[in-house]
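# Overview (structure and organization)
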Number of protein chains: 2
Amino acid sequence: MPPLEPYSASLDYTYALGLYPALEALTRAPERVRRVLLSKQLNRDAAYEKLTALCDKHKIRTETADRLLRRLSGKDNCFAAAAVSKHGEEPNMSAPRHLVLHNPMDMGNAGTILRTALGFGFEDIAIISPALDIYDPRVVRASMGALFSLRVGFFESMDDYLSRNSGRQLYLFMLDSAAALSEINPRKDEAPVSLVFGNEGSGLPAEFASLGTPVRIEQGEAIDSLNLAIAAGIGMYAFRRV
Amino acid sequence: MPPLEPYSASLDYTYALGLYPALEALTRAPERVRRVLLSKQLNRDAAYEKLTALCDKHKIRTETADRLLRRLSGKDNCFAAAAVSKHGEEPNMSAPRHLVLHNPMDMGNAGTILRTALGFGFEDIAIISPALDIYDPRVVRASMGALFSLRVGFFESMDDYLSRNSGRQLYLFMLDSAAALSEINPRKDEAPVSLVFGNEGSGLPAEFASLGTPVRIEQGEAIDSLNLAIAAGIGMYAFRRV
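Everything numeric here is computed off the predicted structure, so don't read it as measured data. (Residues numbered from 1 in each chain as written. Chains lettered and ligands numbered in written order. Predicted model: local features only at pLDDT ≥ 70, side-chain atom pairs only at ≥ 80, totals over all residues. Heavy atoms only, no water.)

### Digging into the overall build of chain A
Quick reminder of the rule: Where helices and strands are cited, they refer to DSSP runs of H or I of at least four residues and of E of at least two residues respectively, numbered from the N terminus. Both definitions apply: the radius of gyration is a C-alpha atom measure, and the globule rule equals 2.2 Å times residues to the power 0.38. Each residue's exposure class comes from its accessible area (1.4 Å probe, protein chains only) as a fraction of the maximum for that residue type: buried when under 20%, exposed when over 50%, partly exposed otherwise. Contact criterion: two residues are considered in contact whenever any of their non-hydrogen atoms come within 4.5 Å of each other. Only the protein chains shown count as covering a residue, and every accessible area follows the Shrake-Rupley method with a 1.4 Å probe. Positive: Lys, Arg. Negative: Asp, Glu. His and the chain ends are not part of the count. The atoms used to mark charge sites are NZ of Lys, CZ of Arg, CG of Asp and CD of Glu.
For chain A, the count of helices and strands is seven helices and 11 strands. Computed over the C-alpha atoms, the radius of gyration of chain A is 20 Å, within 12% of the 18 Å expected from 2.2 N^0.38 for a compact globule of 242 residues. The principal-axis extent of the C-alpha atoms belonging to chain A is close to 60 × 35 × 30 Å. Considering chain A as a whole, with its 242 residues, one finds that 56% of them fall into the buried category. When contacts within chain A are restricted to residue pairs at least 6 apart in sequence, long-range pairs at least 24 apart make up 83% of them. Of the roughly 10,900 Å² that chain A leaves accessible, carbon and sulfur atoms contribute 48%. Looking at chain A, you have 27 positive and 29 negative side-chain charges, and the mean spots of the two groups are 9 Å apart.

### With respect to the packing of helix α4 (residues 107–119) of chain A against helix α7 (residues 228–238) of chain A
Residues and elements named next belong to chain A. Condition: To define axes, lines are fitted to C-alpha atoms, for helices over the stretch in contact only, and angles between the resulting N-to-C directions are given on a 0 to 180 degree scale. For classification purposes, angles smaller than 35 degrees are called roughly parallel, those larger than 145 roughly antiparallel, those between 65 and 115 roughly perpendicular, and all remaining angles oblique. For this classification, Asp, Glu, Lys and Arg are treated as charged, while Ala, Val, Leu, Ile, Met, Phe, Trp, Tyr, Cys and Pro are nonpolar and the rest, including Gly, are polar.
For the pair α4 and α7, interaxial distance at closest approach is 9 Å and the crossing angle is 10°. The angle between α4 and α7 places the two elements in the roughly parallel class. Contacts from Asn109, Thr112, Ile113, Thr116 and Ala117 of α4 reach α7 at Leu228, Ala229, Ala232, Gly233 and Met236. Looking at the contact of α4 with α7, its residues break down into six nonpolar, four polar and no charged.

### Brief notes about helix α3 (residues 66–73) of chain B
Residues and elements named next belong to chain B. Selection criterion: To be clear, the arc concerns the directions from the helix axis to the C-beta atoms.
Burial in α3 covers these residues: Asp66, Leu68, Leu69, Leu72 and Ser73. The arc that holds the buried residues of α3, viewed along the axis, is 165°, so those residues lie on one side. Residues of α3 that are exposed and point over 90 degrees away from its buried face: Arg67 and Arg71. Looking at the buried residues of α3, the elements they touch are β1 (13–17), β2 (33–38), β3 (61–64) and β4 (80–85). A positive backbone phi angle near 70° is found at Gly74, which sits one or two residues after α3.

### Overview of the packing of aromatic side chains
All names here are of chain A. Note the following rule: Under the pairing criterion, centres of Phe, Tyr and Trp rings, with the six-membered ring standing for Trp, must be within 6.5 Å; the plane angle then separates stacked pairs below 30 degrees from edge-to-face pairs above 60, leaving the rest tilted. Charge-over-ring placement is defined geometrically: NZ (Lys) or CZ (Arg) within 6 Å of the ring centre, and within 35 degrees of the ring normal.
Throughout the structure, instances matching the rule amount to 12 aromatic pairs over all chains. The side chain of Arg97 reaches across the aromatic face of Phe122, ending 5.9 Å from its centre. Here the basic side chain of Arg240 rests over the ring of Tyr237, its NZ or CZ set 4.0 Å away from the ring centre.

### A word on the interface of chain A and chain B
To keep it simple, the criterion reads: Accessible area, probed at 1.4 Å, shrinks when two parts are joined; the buried area is that loss added up over both. Salt bridge, as applied in this entry: a Lys or Arg side-chain nitrogen positioned within 4 Å of an Asp or Glu carboxyl oxygen. Polar contacts, as used here, are pairs of N or O atoms within 3.5 Å; protein pairs need one atom able to donate a hydrogen and one able to accept it. Residues neighboring in sequence count only if both atoms are side-chain atoms.
Of the residues lining the interface, 26 residues belong to chain A; the matching set on chain B comes to 26 residues. When residues of chain A are sorted by the area they lose upon contact with chain B, Arg115, Ile230 and Tyr237 of chain A head the list and together hold 25% of the total. At the boundary of chain A and chain B, one finds two salt bridges. We note a salt bridge from Arg240 of chain A to Glu218 of chain B, for which the minimum N-O separation is 3.1 Å. On inspection of chain A and its partner chain B, the count reaches 15 residue pairs in polar contact (both at pLDDT 80 or more). Contributing elements (two or more residues each) for the side of chain A that touches chain B: α1 (19–28), α4 and α7 of chain A. Grouping the constituent residues of the side of chain A that touches chain B by class yields 12 nonpolar, nine polar and five charged.

### Some remarks on the layout of surface pockets
Test applied: Cavity means a closed set of points on a 1 Å grid over the protein atoms alone, one where a 1.4 Å probe fits but cannot get out, pocket means an open set with protein on both sides within 12 Å along at least 5 of 7 lines, and lining means a residue has an atom within 4 Å of a point. Grid points are joined across faces, edges and corners, and a volume is the space filled by probe spheres set on the points.
Of the voids in this model, the second largest pocket is the one considered here, and its volume is about 520 Å³. Residue lining of the second largest pocket: 20 residues in total, with Ser182 and Tyr237 of chain A together with Ser182, Tyr237 and Ala238 of chain B positioned closest to the centre. Counting only elements with at least two residues in the lining of the second largest pocket, the list comes to α7 of chain A together with α7 (228–238) of chain B. For the lining of the second largest pocket, the residue count by class is 12 nonpolar, four polar and four charged.

### Thoughts on the side chain of Thr112 of chain B
Counting through the fold element by element, Thr112 of chain B comes out in helix α4 (residues 107–119). Under the relative-accessibility criterion, Thr112 of chain B is labelled buried at 15%. In this structure, Thr112 of chain B is in contact with Asn227 and Ile230 of chain A together with Ala142 and Ala229 of chain B, ignoring residues within four places of it in sequence.

Set out below in structure tokens:
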């Protein structure tokens, strides 16, 4: 492969920056790891042994690259990284649970949401454009590697998503919905479900209510709305795999 | 009052940095606002009118202070700030719901948790040392002003908290607890409840299990644990005010 470059959205690979994130990538998706970068300063401890053993096992090239690590991370204390292909498995369109993020923009939120999705059995994720770059190394890091265990698909619009799916029960999380989350009995659903969450600032467009069942997470008047990652966490917990 | 200083944990006031956070402070806790700083660059729009009207109403001094705003925020685009006393109301020890954070350290998490707590009717918060500085302007900002609507108390240890409370039902959120959150029927509780969450990295000490009912949020094996703010959000939603 050609020399590695600083991250940009147009590259077909991203970086898991740091020893722990690199280990996560090697454990969760070794077939996608193209190369592993190591610092001369990396301690030869148990985590290092695990990392190099995984590289040996999967025949992944390692190289000492202190300058590149500094350049990629913008820090002096990033001692390992993995370059990871963005091309993973496509989402399973008939999976029992989809998480659909409509126009997500916040990197930290997105990483936390991905980690939570993996924890609650939402392994198929749909991102509706415009949206942040889900493969930005900051999202990878915030997801604690969960991104590499998920099947993530990108859709130009909600219509695009809907045209490639059928028979799914959509739940649209909106502040002014009539139905409260606790009134719904998610575990009895027979059809595969899609939980749909809007942008951090503006939420979902009002007209999305007609696409399925609008749902409200009961909350007091003292705050305008919940943080998106918190709302998605509460929603996915309610619809989690039993 | 003496001249305002850059924020430090030892000051008895903090800053709500930015127009929206300053408005939140003026709306939620005007009696705690000592002074409002404005930039010459601030647009004289509706939000500005609201801000100055609130200052007039509560007889709060405003001053133009571009240099101080830059120094406080480290940015060129912070056009307003409120200096807010840290001394608010003490927590109500017999409140129906307490949120207890044991050794929280992450600023962003803490702000999100405070905002969520306010949304679910947890208005009395106990912080057990050692802990982050909950009044750091970054927490204030992440809480979107919720900090100024809550009663926050500080305790030297869990024993200190327990010695100043009696008759509360404690729920201790721990990964390996026998009882799952969905098996508990929180809404039927008669006694006031305290939901206790541990540090972001290490969780609660195992011996805390004996202090009340240990609770586990059901999650798959694919992640080590949920993000603290997500776990606290799910827990508080389950125990929210009806």
